Every structure is written in C-alpha cells, then in structure tokens.
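Topology and contacts: notes
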Amino acid sequence: GQQVMQIPQYQHVQEGEDFTTYCNSSTTLSNIQWYKQRPGGHPVFLIQLVKSGEVKKQKRLTFQFGEAKKNSSLHITATQTTDVGTYFCAGPPRGGADGLTFGKGTHLIIQP
Amino acid sequence: DGGITQSPKYLFRKEGQNVTLSCEQNLNHDAMYWYRQDPGQGLRLIYYSQIVNDFQKGDIAEGYSVSREKKESFPLTVTSAQKNPTAFYLCASSIQGRNTEAFFGQGTRLTVV
C-alpha cells in the first residue's frame, strides 16, 4: 500500500533556530496536507498543496510541494516556543478510497 | 459554535468488554472518519463514511465497528476482538472527503485495564 515517510522523527532546536521536516510518498499525490498537533491535543490543519512545485507561506512557515508531487517540506524560520508540537504530512490513499494516509510525524522540541 | 465533539475524553475498559466512542459534528459535513493514534505514531484510518447509511473499512478495521444512521453522528465500537485497543482515538470530518481539510475532535483516550 501507499506509504508516507517523514523525517526526522524528532528535532531538538534552540529557540530562534530554523526547523525543517521532510515528507516523501511512495506514489504521486493529488495533494498533500500538513497538520500540527500540540502535546495532548488533536491535529489541526495547516495547509494543503495541490500544484507541482507549489510554495506557500504562512508567516514564519514555508510549505513546498515537489515537482513530481511525491515529496513535500515544511520549514519554520526562527522557531518560537509556540511552535512546539508534532507536524504531520498526509495525502490521499491510492485508488478511490477516502481518508488520508499520514506520516509518523516530526516532533519539534524547542529549548529556550 | 461549530465543530466535532468526542466523548468521553478518557475511557477505561476491562478486557473482553465492548465500548462505544461517541462522535458528533455540526459542520454539516458529509464525510466522517475514525483514526487511531499510538504513541510516537502517525494516524491510521479505521473506518470512514461518505454518506449516511454507508461506511467503508480503512487500513485497520479489524476489531472495530461503526454506524452512520445520522449525518451528524459516527460512533465507533471497539469490540473484544480488538487485540490491542489501548490508544488515542480521533474522529474527523471533511466537507468533500480526501481532497479537503479534515477537522478533528478532541479525541478519546482508551485504556484497557
């Protein structure tokens, strides 16, 4: 079946440093979505990318979708303590099934 | 205030018992989903429903059952056949399925004692 791989699994940064998480799919995706889950919380939608090579920005967050639509990245500039949490990428499964296939997530830990 | 409500937040179950997790949404979404999350893991799809009175198995449906009698409600039953039911269960909905944003409930943390 389809797999969505995310690296790294954990990332420790000093507050103010940049952070990047990478997502790779075994198949071409029609779209990719990113979610953030705070400790003890539930996933919250951040963004959806649809077009090949697409780049979107939300303040300090930059999202990219690869040209082949099989990989994506999330980059955070100058991390803040509010950025703590787990970042997941997710894409539609192969075929006509509904739902999303999630990566295992990258846990961002920020040291003040 | 629109959203998805899951209850209870915490649930303890004895081995061999069935338990039902509630999920209600007032977003008027057609599609609803149940995911399971284990520590350090991503979310895995249990069941989904695109319309009332219809639902489909996800990747890990064994030991679970669902119903969709109303658009607003999508309860999940964890049966005694589920070998390792201790997990965090998340209900979600979306307006048009796989290509649209998913809204998640607060989750139910199930522990088997």
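Everything that follows concerns the structure shown earlier in this document.
Residues numbered from 1 in each chain as written. Chains lettered and ligands numbered in written order. Predicted model: local features only at pLDDT ≥ 70, side-chain atom pairs only at ≥ 80, totals over all residues. Heavy atoms only, no water.

**Overview of the nonpolar core**
To keep it simple, the criterion reads: Joining through side-chain atoms within 4.5 Å is the link that ties buried Ala, Val, Leu, Ile, Met, Phe, Trp, Tyr and Cys residues into a set, and such a set is a nonpolar core. Burial here depends on accessible area, computed with a 1.4 Å probe over protein chains only, as a share of the maximum for the residue type. Under 20% is buried, over 50% is exposed, and the range in between is partly exposed. Helix and strand definitions follow DSSP, with helices as H or I runs of at least four residues and strands as E runs of at least two, each counted in order from the N terminus. A contact between two residues is defined here by any heavy atoms of the two lying within 4.5 Å.
Counting 20 residues, the largest nonpolar core has Leu21(B), Trp34(B), Ile46(B), Leu76(B), Val78(B) and Tyr89(B) as the members making the most contacts within it. Elements with a contribution of two residues or more to this core: strand E3 (19-25), strand E4 (31-37), strand E5 (43-51), strand E7 (64-66), strand E8 (76-78) and strand E9 (87-94) of chain B. Val78(B) has contacts with Arg13(B), Gln17(B), Asn18(B), Val19(B), Leu21(B), Gly63(B), Tyr64(B), Pro85(B), Tyr89(B) and Leu110(B), leaving out every residue within four places of it along the chain. By size, the runner-up hydrophobic cluster in this structure holds 19 residues, among which are Cys23(A), Ile32(A), Leu74(A) and Ile76(A).

**Considering the sheet that holds E7(B)**
Residues and elements named next belong to chain B. Where we set the bar: For two strands to be treated as a pair, DSSP must find at least two bridges joining them. Working convention: axes come from line fits to C-alpha atoms, limited for helices to the stretch in contact. Angles between N-to-C directions cover 0 to 180 degrees.
On the basis of which strands lie adjacent, the open sheet formed by four strands has the order E1-E3-E8-E7 and antiparallel pairing. Two strands close off the open sheet at either side, each with one partner strand: strand E1 (4-7) and E7. When strand polarity is set aside, the average angle formed by the axes of neighbouring strands in this sheet is 20 degrees. Here E3 pairs with E8 via three bridges, running antiparallel. Bridged to Thr 20 within E8 is Thr 77.

**Focus on the interface of chain B and chain A**
The cut-off we apply is this: By convention, the term buried area covers the 1.4 Å-probe accessible surface removed from two parts as they join, with the contributions of both added. The term salt bridge refers to a side-chain nitrogen of Lys or Arg lying within 4 Å of a carboxyl oxygen of Asp or Glu. N or O atoms closer than or at 3.5 Å make up a polar contact, with two conditions inside protein: a donor-capable atom paired with an acceptor-capable one, and, for residues adjacent in sequence, both atoms drawn from side chains. In the scheme used here, Gly and all other residues not listed as nonpolar or charged are polar, with Ala, Val, Leu, Ile, Met, Phe, Trp, Tyr, Cys and Pro taken as nonpolar and Asp, Glu, Lys and Arg as charged.
Chain B puts 22 residues into the contact, and the matching count from chain A is 24 residues. Buried area between chain B and chain A, both sides added, is near 1,900 Å², and the carbon and sulfur share of it is 47%. The largest per-residue losses of area from chain B upon contact with chain A belong to Leu43(B), Arg98(B) and Phe104(B), which jointly make up 33% of the total buried on that side. On the surface where chain B and chain A come into contact, there are zero salt bridges. In this structure, the connection of chain B to chain A is made through 11 residue pairs in polar contact (both at pLDDT 80 or more). At the level of elements, E4, E5 and E9 of chain B are the ones that each hand at least two residues to the side of chain B that touches chain A. Here the residues of the side of chain B that touches chain A sort into 10 nonpolar, 10 polar and two charged.

**Some words on the sheet that holds strand E3 (residues 19-25) of chain A**
All names here are of chain A. Taken in spatial order, the five strands line up as E1-E3-E8-E7-E6 in an open sheet, and their pairing is antiparallel. Each edge of the open sheet carries a strand with a single partner, namely strand E1 (4-7) and strand E6 (55-58). When the angles between neighbouring strand axes are averaged without regard to direction, this sheet yields 15 degrees.

**A short note on the packing of aromatic side chains**
Going by this rule: Here is the rule: rings of Phe, Tyr and Trp (six-membered ring for Trp) pair when centre to centre is within 6.5 Å. Planes less than 30 degrees apart are stacked, more than 60 are edge-to-face, and the remainder are tilted. Our definition puts a charge over a ring when NZ of Lys or CZ of Arg is within 6 Å of the ring centre and also within 35 degrees of the ring normal.
Scanning the model with the defined rule gives 12 aromatic pairs over all chains in all. Summarising the aromatic geometry, the rings of Phe102(A) and Tyr35(B) are spaced 5.4 Å apart at their centres and angled 85 degrees between planes, so their arrangement reads as edge-to-face. Of this pair, Phe102(A) sits in strand E10 (residues 101-102) while Tyr35(B) is found in strand E4, placing the two residues in two different chains. Residues Phe102(A) and Phe104(B) carry aromatic rings whose centres are separated by 6.3 Å and whose planes lie at 70 degrees to one another, so their mutual orientation is edge-to-face. Linking Phe102(A) in strand E10 with Phe104(B) in strand E10 (residues 103-104), this pair reaches from one chain into another. Residue class for Phe102(A) comes out buried when judged on its relative accessible area of 8%. Sitting over the face of the ring of Phe74(B), Arg68(B) holds its NZ or CZ atom 6.0 Å from the ring centroid. Geometry around Phe88(B) places Arg109(B) over its ring, the cationic atom sitting 4.3 Å from the centre.

**Overview of the layout of surface pockets**
The following threshold applies: Only protein atoms enter the 1 Å grid, on which a cavity is a set of points fitting a 1.4 Å probe that cannot get out and a pocket is an open set with protein on both sides within 12 Å along at least 5 of 7 lines, lining residues being those with an atom within 4 Å of a point. Grid points are joined across faces, edges and corners, and a volume is the space filled by probe spheres set on the points.
Considering only enclosed or pocket space, the second largest pocket measures out at about 370 Å³ in volume. Looking at the second largest pocket, it is lined by 23 residues, and the ones nearest its centre are Gln37(A), Gln37(B), Pro39(B), Gly40(B) and Arg109(B). When residues of the lining of the second largest pocket are traced back to their parent elements, those giving at least two are strand E9 (85-91) and strand E11 (106-111) of chain A together with E9 and strand E11 (108-112) of chain B. Here the lining of the second largest pocket is composed, by residue class, of nine nonpolar, 11 polar and three charged.

**So, the pairing of E1(B)**
All names here are of chain B. With burial as the criterion, only one face of E1 is covered, namely that bearing Ile 4 and Gln 6; the residues Thr 5 and Ser 7 on the opposite face remain uncovered. Taken together, the four bridges between E1 and E3 define a ladder with antiparallel strand orientation. Opposite Ser 7, over in E3, you have Ser 22 as the bridge partner.

The values are spatial; any link to function lies outside them.
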